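# Examination of the molecular architecture
Here are the chains, one letter per residue:
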Amino acid sequence: MKNLRIVSLLFLILLVLILPFFFRSNQYGMILLTTILLYGVLATAWNIIGGMAGQLDLAAGAYLGLGAFTTGTLLLRFNLTPWIGIFVGGLVAVLFAILVGLPLFRFKVKEVWYALSSSALVEVLRIAFIMWEKIGGPVERYLPNYGSALYMRFSSYIPYYYIMVILLFASLFVNYWISRSKLGYYLIALGDDEDAAEVLGVNVRSSKLKALVIYAFIVGLTGGVYACIYGFIHPNFFSSPLSTEVAILGIVGGMGITYGPLVGAVLLVSMRELLRANLGGQLESLYLVIYSVVLILIVLFRPRGITTLLQDTFNKLFSRWVRNNHAE
Amino acid sequence: MKRIGIGKLIVLATTLVLVLTSCAAPQQTQTPTQTASPSATPTGKKLPDKIVVGCLEPLTGAHAIFGTEAKVGMEIAVKHINEAGGIQSLGGIPLELVSEDAGETADSAKLGAESIISKHHPVAILGLYISRMTVAASEVTEREKVILVADALVDSVTAMGRQYLFRPAPKASQHGVTAVEFVVQTATKAGQPVQKVAILNEDSSFGRSNAVGALQAALDNQLTVVYQKEYPYDIADVSSIVSEISAAKPDFVVHCPYFMDAILFAKTFREFNQIPKFIVGMGACGYTDPESIKALGDTANYYANTYSYNPAKNTAQNKKFVEDFKTKVGHIPTEAAGMNYYAMWVLKEALELSGKLFPDDPLNPDNLRQAFLKLDLTSGPAVDTYPTNHIAFTPTGDNPYARAVVMQVQNGEPKVVWPFDSAEAEPVYPRPDATY
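Cut-offs applied
Residues numbered from 1 in each chain as written. Chains lettered and ligands numbered in written order. Predicted model: local features only at pLDDT ≥ 70, side-chain atom pairs only at ≥ 80, totals over all residues. Heavy atoms only, no water. Pairing = 2+ DSSP bridges. Helix = DSSP H or I, 4+ residues; strand = E, 2+ residues; numbered from the N terminus. Axes fitted to C-alpha atoms, helices over the stretch in contact; angles between N-to-C directions. Contact = heavy atoms within 4.5 Å. 1 Å grid on protein atoms, 1.4 Å probe; cavity = no way out; pocket = protein on both sides within 12 Å on 5 of 7 lines; lining within 4 Å. Points joined across faces, edges and corners; volume = space filled by probe spheres on them. Nonpolar A, V, L, I, M, F, W, Y, C, P; charged D, E, K, R; others polar. Domains from an automatic or database assignment. Buried area = accessible area lost by both parts, 1.4 Å probe. Salt bridge = Lys/Arg side-chain N within 4 Å of Asp/Glu carboxyl O. Core = buried A, V, L, I, M, F, W, Y, C linked by side-chain atoms within 4.5 Å. Buried < 20%, exposed > 50% of the residue type's maximum accessible area, 1.4 Å probe, protein only. Parallel < 35°, antiparallel > 145°, perpendicular 65-115°, else oblique. Left-handed = near helix turned anticlockwise from the far one by under 90°. Phe/Tyr/Trp six-rings, centres within 6.5 Å; stacked < 30°, edge-to-face > 60°. Lys NZ or Arg CZ within 6 Å of the ring centre and 35° of its normal. Expected span 1.5 Å × (residues − 1). Patch = residues over 30% accessible without salt bridge, like charges linked within 9 Å, V, L, I, M, F, W, Y side chains within 5 Å. Areas by Shrake-Rupley, 256 points an atom, 1.4 Å probe, with all protein chains shown as cover.

Okay, the sheet that holds strand β7 (residues 224-231) of chain B next. Residues and elements named next belong to chain B. Pairing is mixed across the open sheet formed by 7 strands, whose spatial order is β7-β6-β8-β9-β10-β13-β14. The sheet is open, and its two edges are formed by β7 and β14 (413-418), each paired on a single side. Across this sheet, the average inter-strand angle for adjacent strands is 25 degrees, counted without regard to direction. Direction of pairing for strand β6 (residues 196-202) relative to strand β8 (residues 252-256): parallel, over a ladder of 5 bridges. Across the sheet, the residue bridging to A198 is V253, located in β8. Strand contacts of helix α5 (residues 172-189): β8, β9 (279-281), β10 (304-307), β13 (405-410) and β14, with the helix running at about 135 degrees to β10, the strand carrying the most contacts.

Here it is in structure tokens:
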């Protein structure tokens, strides 16, 4: 059984590594894969605060924007390579998360109030960066050195794909590691019933802050890569729609399931893009209607997430195979 | 927390590959030179039976109101070009328009650009309207050497050093200049010269570019800027700004609004009964669009706005376009539609020139780029629908002869009032309802 798992894991890694060869010179295929992975990373990171700790966080755009602006500004002002800048961006996002997390958790802001507060942060930062002319301002700031690997400004999406693969595996590993650690049990407990967990001795404030910090770091890091992919920084990177979408991917994929948000990102982002590319030019808004109907159906019939539907289907299809593995 | 079932994960990953492969696989792999051809170059190289042009506009989301009209403008232009015999220097090859929705974000714009190029291999793409989306998509068009005829007006779009990007329409700062010069000339003509101006703009890069142009023109005309404000485009209450403007007592207000904010400002000016002598919008998005007039009713009267297209230009080609657009949409062409109508004709002229200059390989992107740079149009359908009578391109991709016109709402109808020599009505100046 153990050998099978190792072989399977190696097969999975190999599959992800060779995926770009399926697309070869198809840049559209590569940016689509990269975009899906990007949302997969964001949603997987969100799973720590949203899925495990049960906090409906709507501030992914805030941390992503901070990461993007830190990386972009360090490149523009100090010619610092984004290979270092993205980590500084992650740390800036962490600092901000601590600044907002401390009072929010100290004053027990939770549930819908936490969602509203986190959502407001994104808009506050967007406006602040529009007004902060030295760093932001209303005009786009282009990132130079297109085509340079040193400045993470690749002319092909394949390197971005592999960067996203690394970030994705790191996010999945962190999720998995937390879920098996004491912190994970605390988060799941307080996610189920915060008051009960506190009575039982869980340090709610500290646990939530740790989850927020880890989530912010991953999203901030991803924000730096995001800026390099799109080639500019702008206060609109502090995006409320993006923040909501990340939470939707996490919820629809399956909250609390390690790979649930990734499955949500793979299915929903690819479906939306498939509809946009094929219907968007002719029937303008129809693809968004179809996308919304699918989301509603999933929420109505699979409130625990689409991953549970896939799990059930696979369980039926491969029941014999699974039984044989258990018998080994 | 459920643990990963590795077997399930493998199946999921395989599903991922299948989903993505079906999703991302190009649906059409023909390149222009691979298609069966009715004509050929002098050296025998086959030409395609259709020249594919991409329309990549925001057809959904906050900017869809502009993108959908831009698309209609392109469709009518392609119809007119094909009816007139297609690209004659290439044996009459017709144009074919393919459309995709660019959404409203940088990632959807970049995905759209990759997708439309991968599927259709267009010789040129028109669109994107929004500057940040143009920035993202133009990295793709540059890499793939596809001509991008942009309708985003922010000045910096042509300052990125893009080689294959051209913008026929006047840039945003020119709108700012036009707005100020129009009022200065109109006021002087009316015997009431102006000295004090208030400059307002929403906080996007477009609003800023317009305001910079207006500020420069104010300085050039030795006006005093008594009030200047940049506000969030989604502002919900403008009463304090209206009061501050009233306290500053400018002779006129130059304003770059978006859409809803224009309506809000106009209603608040009226509600507070603090109406300046004149209010002119810059950048076309605000006061004189059909949707704005519908939303404002009588309040829209006397508001003016710069426009990158002149719907009143007295040429047969323009009248034909206006009529066809009215039949299809129900109102006169908006700026987005007009800009893309003449942009398509500019592309047609470039293709014609490329066919003459580079008969062996007219659709080669470098040859087509050279043709764009060599264009010097002073007549023809493109000029007949253009705000000025001269179209050429600098190496940065802008037309140095571009200029906006000014429209004013009179009796509920938008009328072209400037430049005076091509106006369809006299500007009403000052506003009859001005309170200071």
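Moving on to empty space enclosed by the protein. In this structure the tally under the stated criterion is 3 cavities of 30 Å³ or more. Looking at the largest cavity, its volume works out to about 120 Å³. Lining the largest cavity we find 14 residues, and of these I65, F66, E69, D289 and T334 of chain B sit closest to its centre. At the level of elements, α2 (64-83), α9 (290-296) and α11 (335-357) of chain B are the ones that each hand at least two residues to the lining of the largest cavity. Ranked by residues supplied to the lining of the largest cavity, first place goes to α2 of chain B with 3 residues. Tallied by class, the residues present in the lining of the largest cavity amount to 9 nonpolar, 1 polar and 4 charged. Shared between two domains, the lining of the largest cavity takes at least three residues from each, and those domains are domain 1 (48-170 + 314-392) and domain 2 (173-307 + 405-422) of chain B. Y146, R153, F154, S155, Y157, Y160, C228 and I229 of chain A together with K110, E139, V140 and R143 of chain B are the residues that line the second largest cavity. Secondary structure elements with two or more residues in the lining of the second largest cavity: α9 (204-230) of chain A together with α4 (131-144) of chain B. Among the elements that take part in the lining of the second largest cavity, α4 of chain B stands out by supplying 3 residues, more than any other. Residues belonging to the lining of the second largest cavity are distributed by class as follows: 7 nonpolar, 1 polar and 4 charged.

Moving on: the domain arrangement of chain B. All names here are of chain B. With domains assigned, chain B is organised as domain 1 (48-170 + 314-392) and domain 2 (173-307 + 405-422). The straight-line distance from the C-alpha centre of domain 1 to that of domain 2 is 29 Å. Contacts between the two partners involve 16 residues from domain 1 and, on the opposite side, 18 residues from domain 2. Summing the contributions of domain 1 and of domain 2, the shared interface buries around 1,400 Å²; its carbon and sulfur component is 64%. Here domain 1 is connected to domain 2 by 0 salt bridges.

What follows deals with the nonpolar core. With 243 residues, the main nonpolar core has Y63 of chain A together with M344 and F372 of chain B as its most contacted residues. At 17 residues, the largest contribution of residues to this core is made by helix α2 (residues 27-52) of chain A. The two domains that each donate at least three residues to this core are domain 1 (48-170 + 314-392) and domain 2 (173-307 + 405-422) of chain B. Excluding anything up to four places from it in sequence, M344 of chain B contacts V53, M74, A77, V78, I81, L95, L97 and L126 of chain B.

This brings us to the sheet that holds strand β4 (residues 147-150) of chain B. All names here are of chain B. Here we have 5 strands laid out as an open sheet, ordered β2-β1-β3-β4-β5, and parallel in their pairing. Only two strands of the sheet have a single partner each, and these edge strands are β2 (95-101) and β5 (165-166). Together, β1 (51-57), β2 and β3 (124-127) form the strand contacts of α2, whose direction differs from that of β2 by roughly 170 degrees.

Residue and element names in this part refer to chain A. Here helix α10 (residues 240-254) crosses helix α12 (residues 286-301) at 45 degrees, and the two axes come no closer than 11 Å. When the axis of α10 is compared with that of α12, the two are oblique. Crossing handedness for the pair α10 and α12: left-handed. Together, E245, I248 and V252 of α10 and Y291, L295, I298 and V299 of α12 make up the contact between the two elements. Looking at the contact of α10 with α12 residue by residue, the classes come out as 6 nonpolar, no polar and 1 charged.

Within the structure shown, the criterion is met by 29 aromatic pairs over all chains. Ring centres of F129 of chain A and F238 of chain A lie 4.7 Å apart, and the angle between their planes is 40 degrees; on these two criteria the pair is classed as tilted. You can see F129 of chain A sitting in helix α5 (residues 111-131) and its partner F238 of chain A sitting in the loop between β2 (232-233) and α10, a full 109 residues away along the chain. Overall, the relative accessible area of 1% leaves F238 of chain A in the buried class. The rings of F69, F129, W132 and F238 of chain A are connected pair by pair, giving a single aromatic cluster. A cation over a ring is seen here: K249 of chain B above Y436 of chain B, with NZ or CZ 5.2 Å from the ring centre.

Residue and element names in this part refer to chain B. Within β6, 6 of the 7 residues are buried, leaving the element largely enclosed by the surrounding structure. Sheet topology places β6 next to β7; 7 bridges connect them, and they run parallel. Across the sheet, residue A198 finds its bridge partner in β7, namely Y227.

A few words now on the environment of A198 of chain B. Structurally, A198 of chain B can be placed in strand β6. Sequence-distant contacts of A198 of chain B, that is, excluding residues within four places in its chain, are made with Y227, P250, F252, V253 and V254 of chain B.

So, about α2 of chain B. Residue and element names in this part refer to chain B. Between its terminal C-alpha atoms α2 stretches 28 Å, which fits the 28 Å expected from 20 residues at 1.5 Å a residue. The buried count for α2 comes to 14 of 20 residues, which makes it a mostly enclosed element. In the segment just after α2, G85 is the residue with positive phi, at about 105 degrees.

What follows concerns a nonpolar patch on the surface. Taken together, I6, L9, L10, I13, L14, L17, I18, F21, F22 and F169 of chain A make up a surface patch of nonpolar side chains, about 910 Å² in accessible area. Considering the arrangement of structural elements, one finds F21 of chain A in helix α1 (residues 2-23).

Residue and element names in this part refer to chain A. Within the element layout of this structure, S171 appears in helix α6 (residues 158-179). According to the relative accessible area criterion, S171 is buried, its value standing at 1%. Excluding its chain neighbours within four sequence positions, the residues that come into contact with S171 are V41, T44 and I218.

Here we take up unusual backbone geometry. Backbone torsion omega between W418 of chain B and P419 of chain B reads 0 degrees, so that peptide bond is classified as cis. Y429 of chain B connects to P430 of chain B through a cis peptide bond whose omega is -10 degrees. Within the secondary structure, P430 of chain B sits in the segment after β14. Positive phi, normally seen in glycine, also occurs at K108 of chain A, with a value near 50 degrees. Its location among the elements puts K108 of chain A in the loop between α4 (82-106) and α5. Unusually for a residue other than glycine, H121 of chain B sits at a positive phi of about 50 degrees. Relative to the helices and strands, H121 of chain B resides in the loop between α3 (106-120) and β3.

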